[in-house]
Amino acid sequence: MMRLIILIMIILVSNSVISQDFRDYRLKDIDNNMILLDDIKGKELTVIDFWATWCKPCISSIPKIENLYDLYKDKGVQFMGINIDSPRNISKVKPFVNAIGISYPVLYDSNQELMTEYNVFSIPTLLIANSQGEIIYTHEGFNPGDEKELAKKLDELLEK
Amino acid sequence: MKPYIYHIAFSIILTYLPYLDSLGQITGYNLFEYQLGNVPDQKPNDLSTSYDQLFLSYKHKKILASVKIENFVTPESDKEYLSLSQYNIRYRLKNYEFKVGSIYDIIGRGLLLRAYEIKGSIFEDPGFRIRQGFYNDIKGFSAKYSGKVSSIKIIRGRPLLNIIPPTFEEKDRRPDLIEALETELSYLNQNFGFAVMRNFNQDDENNYISIKQEGNLPFNISYYTEWAQLIGKNQSFGSTKLNDVYAYYLNINYAKGSFGSSIELKAYQNFLLGSGFNFPPALVKEHAYKTLNRSIHTPQLKDERGFQSEFFYSFDNFSMITFNLTNLKNDLSQTYNFTELFLEYYLPVDKNSFKLFIDYSQDEIVSETDRYAGGIYFTRELENSWSASFEFEYQTLTRRGDNINNIVFSASTSKSNKFSGNVVVEVSNDPVFSDKGSTFEVEYGTTYWLGTNINYKYMSHTFNLFAGKRRGGPACASGICYEILDFNGIELRILSKF
């Protein structure tokens, strides 16, 4: 009975989602440079995409996200790809990024620290943060057509 | 500590969460899973069990504190537990970071040490039948300095052996004590690293060293190489004699335009350290396709050497081709060979996308030869953010004279960021499933699995319901391979984030 009460309380409490801040994280990029995320965040919004090379929907989503980056980079929106490949697959990340033509920063989170801080459980997961580093939108998974929804969301958030 | 004290503590924390928010940030999640069903051919039947994992994290300025509490409820009372399984305090100040408690970290590419978590996964060992979170953390402390040119890290603690469930004492679950130091130096687009590690296990002490070098070279080439070995105990530096303990890893990448390639060479000898707290990169490709994921070669750290090469090319229409060639050898009581050729083509066309693959492999260590697989994965965008997918895979192989065929078919629909549902059908004539085991003769037959999954996301809660039969077997995720149990019944999972 006590466990049921606790579970209900958790469900009630979690309706008030409290935001986190990514800006003080340091991660290596694919050229081995240590990057402070605050240095590459967007002026208005930052789009953070968690992905891995073995993840089928991630691979499908990347060209669409690259397209969104092209459309929004001059509007104060910065994109960053957070790769969570384990040491088993990490060797493939850099040549893959180059081959598929990702032009926004890609950083390694092999220890999944950023993933843990943002309660990211599955990939692809895309987060949008405001200029204070607070996460204001989460999109889990990727299906064809999702890029239109993301574009709509970015327009809505930029207007605010 | 008595269970009711935990309950009272939870209740107080949850009641005052909104108020604590004014002093800092509170985040966390609760993962709850209820199962009613069977693992085929295992007793007892019709088990009703539940597992809960509560993670709470409090951040105030430069300090982050977190706890994880796990609870498993089952009719078999000797398998129940309620445990404060993790606690952690992290202090971060500019380039410095200090952690005390449960730590996840890695040295190099995991040759010496890797502590990890597979988030959202629940682990159940087939022997113990007790569910727990899927992680191998280190309980101790770490200190790090990360500068632009150099970094240094020290770790001291006890790694977890996660196959031993939480019903056992900590001393049984954490038999090793490790002390490690790793340092890196960057210069001229290169990075040099050096690590030493000491392991205490009961009365045995072993010391290890690792040297790594990585960087960018001209002509779009980048590389990573690492050598690790036991030091002392009559083993000289760089020695590769028969009983020596060493691991070697080399990766070279080349990319130009739309072409990318990665080549890896690996050689591991007697390199399972301590009770198993190191996870050197496995030699073979990690597949997402079901039939291939189940057939992934399990690394044999006693002796394994070979290469893996992968090539990708992306076309102007956003299609992509991937080719992988892998070959390795294990010299154990006899020599076993593994070979794999994999080819995949991804093609997006208007509102449709296709993924096709073919694969040939042979894995002598599991006596599987002439292993062919192929499949297609099709997704179509529908109206109003809906989409539909179909997946079909077929695999045929020979194992000790038996010809085995496996089929996977899945149909699913989903609404973006909200709902998904699928039906999965699997068919196999593998005698592992049809053989009753109670006679000397092998019973052959066809086994079917039919299951359905429904996912629904409401605000910060995700509900997942499974009903039917699910096929188990080996699986790999995040570079870690483990066994998934067969299951027949109903399973409800609720993930709540806050």
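Just so you know, these numbers come straight off a predicted model, no measurement behind them.

> Would you explain the overall build of chain B in this entry?
Along its length, chain B carries 4 helices and 30 strands. Relative to its length of 498 residues, chain B is compact, with a C-alpha radius of gyration of 25 Å against a globular reference of 23 Å. The principal-axis extents of the C-alpha atoms in chain B amount to approximately 60 × 55 × 55 Å. Here chain B holds 498 residues, and the buried ones make up 53% of them. Looking at chain B alone, contacts between residues at least 24 apart form 50% of all its contacts between residues at least 6 apart. As displayed, chain B has an accessible area near 22600 Å², and 61% of this comes from carbon and sulfur atoms. The distance from the centre of the 52 positive side-chain charges to the centre of the 56 negative ones in chain B is 8 Å.

> I would appreciate a short explanation of the overall build of chain A in the present structure.
Helix and strand counts for chain A stand at 6 helices and 7 strands. For chain A, the sequential pattern of α-helices and β-strands runs α-β-β-α-β-α-β-α-β-α-β-β-α. Taking all contacts inside chain A whose residues are at least 6 apart in sequence as the whole, residues at least 24 apart take part in 72%.

> What am I meant to see in the interface of chain B and chain A here?
Accessible area lost on assembly of the parts is the figure often given for the size of an interface. Contact residues are listed per partner, giving 95 residues for chain B and 59 residues for chain A. On the surface where chain B and chain A come into contact, there are 11 salt bridges. Of the charged contacts, one joins Glu184 of chain B and Lys28 of chain A as a salt bridge, the two residues approaching to 2.8 Å between their closest N and O atoms. Here the side of chain B that touches chain A gets 7 residues from one element, more than from any other, and that element is strand β1 (residues 25-38) of chain B. A per-class count over the side of chain B that touches chain A returns 32 nonpolar, 37 polar and 26 charged.

> Would you take a moment to explain the confidence of the model for chain A for this structure?
As a note on interpretation, predicted positions should not be read in detail where pLDDT is low. With 88% of its residues at a pLDDT of 70 or more, chain A shows a mean pLDDT of 86. Predicted confidence is poor over residues 14-19 of chain A, with pLDDT under 50, and the contacts of this stretch with residues over four places away or in other chains come to 17 contacts.

> Looking at this model, I keep getting lost on the state of the cysteines. Mind explaining?
Two cysteines joined by a covalent bond between their sulfur atoms form a disulfide. Residues and elements named next belong to chain A. Throughout the structure, instances matching the rule amount to 1 disulfide over all chains. With its sulfur 2.1 Å from that of its partner, Cys55 forms a disulfide with Cys58. In this structure the cystine formed by Cys55 and Cys58 twists about its S-S bond by roughly 85°; its chirality is therefore right-handed. Assigned by exposure class, Cys55 and Cys58 land together as buried.

> I'm lost on the environment of Val284 of chain B in this one. Help?
Tracing the chain through its elements places Val284 of chain B in the loop between β17 (259-269) and α3 (290-294). With a relative accessible area of 2%, Val284 of chain B lands in the buried category. C-alpha of Val284 of chain B to C-alpha of Asp303 of chain B: the two residues are 19 residues apart in sequence and 14 Å apart in space. Discounting chain neighbours no more than four positions away, the residues touching Val284 of chain B are Arg88 of chain A together with Ile296, His297, Gln308, Thr326, Leu328 and Phe338 of chain B.

> What exactly am I supposed to notice about the pattern of salt bridges here?
Two side chains bearing opposite charge may form a pair once their charged atoms approach each other closely. Enumeration over the complete set of coordinates arrives at 46 salt bridges over all chains. Across the pair Arg90 of chain B and Glu117 of chain A runs a salt bridge whose closest N-O atoms are separated by 3.6 Å. Of the two residues, Arg90 of chain B sits in strand β4 (residues 81-93) while Glu117 of chain A sits in helix α5 (residues 113-117), which places them in two different chains. When its relative accessible area of 4% is taken as the criterion, Arg90 of chain B is described as buried.

> What is the right way to read the packing of helix α3 (residues 56-72) of chain A against helix α6 (residues 146-159) of chain A from this model?
Relative orientation and spacing of two packed helices are given, respectively, by the angle between their axes and the distance between those axes. Residue and element names in this part refer to chain A. Look at α3 against α6: their axes get within 10 Å of each other, and the N-to-C directions meet at 30°. One way to sum up the angle between α3 and α6 is to call them roughly parallel. Our pair here, α3 against α6, has a crossing hand that is right-handed. On the side of α3, the interface is formed by Lys64, Leu68 and Tyr72, while α6 contributes Glu147, Leu150, Ala151, Leu154, Asp155 and Leu158.

> I would appreciate a short explanation of the sheet that holds strand β3 (residues 45-51) of chain A in the present structure.
Strand-to-strand pairing in sheets goes through backbone hydrogen bonds, with the strands running parallel or antiparallel. Residue and element names in this part refer to chain A. Ordered by their spatial adjacency, 5 strands build an open sheet running β5-β4-β3-β6-β7, and the pairing between neighbours is mixed. Unpaired on one side and paired on the other, β5 (106-108) and β7 (135-140) mark the two borders of the sheet. The average undirected angle you get between the axes of adjacent strands in this sheet is 20°. Both strand β6 (residues 125-129) and β7 contribute to a ladder of 5 bridges, which runs antiparallel. Residue pairing in the sheet places Ala129 in a bridge with Ile135 of β7. With respect to the sheet, α3 is in contact with β3, β4 (77-83) and β6, its orientation differing from that of β4 by roughly 160°. Along the sheet, α6 makes contact with β3, β4, β6 and β7, crossing β7 at roughly 175°.

> So what exactly am I meant to see when it comes to α6 of chain A here?
The periodicity of an α-helix, 3.6 residues per turn, causes residues three or four positions apart to be oriented the same way. Residue and element names in this part refer to chain A. Between the first and last C-alpha of α6 there are 20 Å, a value that for 14 residues agrees with the 20 Å anticipated at 1.5 Å per step. Along α6, the residues classified as buried are Asp146, Glu147, Leu150, Ala151, Leu154 and Leu157. Buried residues of α6, seen end-on, are gathered within an arc of 140° and therefore sit on one face of the element. Across from the buried face of α6, at angles greater than 90 degrees, the exposed residues are Lys152 and Glu159.

> I keep staring at the packing of aromatic side chains and nothing clicks. Help me out?
What describes a pair of aromatic rings is the distance from one ring centre to the other and the angle between the planes of the rings. Residues and elements named next belong to chain A. Summed over all chains, the structure comprises 30 aromatic pairs over all chains. Aromatic side chains Tyr69 and Tyr104 sit 5.6 Å apart centroid to centroid with 75° between the ring planes, which places their arrangement in the edge-to-face category. With Tyr69 in helix α3 and Tyr104 in the loop between α4 (93-100) and β5, this residue pair connects regions lying 35 residues apart in the sequence. On the basis of relative accessible area, Tyr69 is assigned to the buried category, the value being 12%.

> Explanation requested: unusual backbone geometry in the structure shown.
Negative phi characterises most residues that are not glycine, and trans characterises most peptide bonds. A cis amide bond links Ile123 of chain A to the next residue, Pro124 of chain A, at an omega of 0°. With respect to the secondary-structure elements, Pro124 of chain A resides in the loop between α5 and β6. Positive phi, normally seen in glycine, also occurs at Leu188 of chain B, with a value near 45°. On the secondary structure map, Leu188 of chain B appears in the loop between β12 (176-187) and β13 (190-201). Judged by relative accessible area, which is 78%, Leu188 of chain B ranks as exposed. Residues other than glycine seldom take positive phi values, yet Asn384 of chain B does so here, at roughly 55°. Residue Asn384 of chain B is classed as exposed on the basis of its relative accessible area of 61%.

Conventions we followed
- The numbering scheme is per chain: residues are counted from 1 as the chain's sequence reads.
- Starting at A for chains and at 1 for ligands, labels are handed out in the order in which the entities are written.
- Confidence filtering applies because this is a predicted model: local features only for residues at pLDDT of at least 70, side-chain atom pairs given and counted only at 80 or more, and all residues used for totals across whole chains, interfaces and linings.
- Side-chain calculation: all heavy atoms of the structure are included, whereas hydrogens and water are not.
- A run of DSSP states H or I qualifies as a helix once it reaches four residues; a run of E qualifies as a strand once it reaches two. Both are numbered from the N-terminal end.
- Radius of gyration means the value over C-alpha atoms here, while the globule rule gives 2.2 Å times the residue count to the 0.38 power.
- Accessibility here uses a 1.4 Å probe with only protein chains present; expressed as a share of the type maximum, an area under 20% marks a residue as buried, one over 50% as exposed, and anything in between as partly exposed.
- For this analysis, residues touch if any pair of their heavy atoms sits within 4.5 Å.
- The Shrake-Rupley method, run with a 1.4 Å probe, gives the accessible areas here. Residue values count only the displayed protein chains as cover.
- Only four residue types enter the charge count: Lys and Arg as positive, Asp and Glu as negative, with His and the chain ends excluded.
- In this description, the location of a charge corresponds to atom NZ of lysine, CZ of arginine, CG of aspartate or CD of glutamate.
- Just to be clear on terms, a salt bridge is a Lys or Arg side-chain nitrogen sitting within 4 Å of an Asp or Glu carboxyl oxygen.
- In this classification, the charged set is Asp, Glu, Lys and Arg, the nonpolar set is Ala, Val, Leu, Ile, Met, Phe, Trp, Tyr, Cys and Pro, and all remaining amino acids, among them Gly, are polar.
- For every residue, the predictor states its confidence as a pLDDT score lying anywhere from 0 to 100.
- Any two cysteine sulfur atoms within 2.5 Å of one another count as a disulfide.
- To get an axis, fit a line to the C-alpha atoms, keeping to the stretch in contact for a helix; angles then go from 0 to 180 degrees between the N-to-C directions.
- Should an angle lie under 35 degrees it is considered roughly parallel, over 145 roughly antiparallel, and from 65 to 115 roughly perpendicular; all remaining angles are considered oblique.
- Left-handed describes a crossing whose near helix is turned anticlockwise from the far helix through less than a right angle; right-handed describes the clockwise counterpart.
- At least two DSSP bridges between two strands are needed for those strands to be called paired.
- Given a helix with a known number of residues, its expected span is that number minus one, times 1.5 Å.
- As used here, the arc belongs to the directions running from the helix axis to the C-beta atoms.
- Working definition: rings of Phe, Tyr and Trp (its six-membered ring) pair if their centres are within 6.5 Å, and the pair is stacked with planes under 30 degrees apart, edge-to-face with planes over 60 apart, and tilted otherwise.

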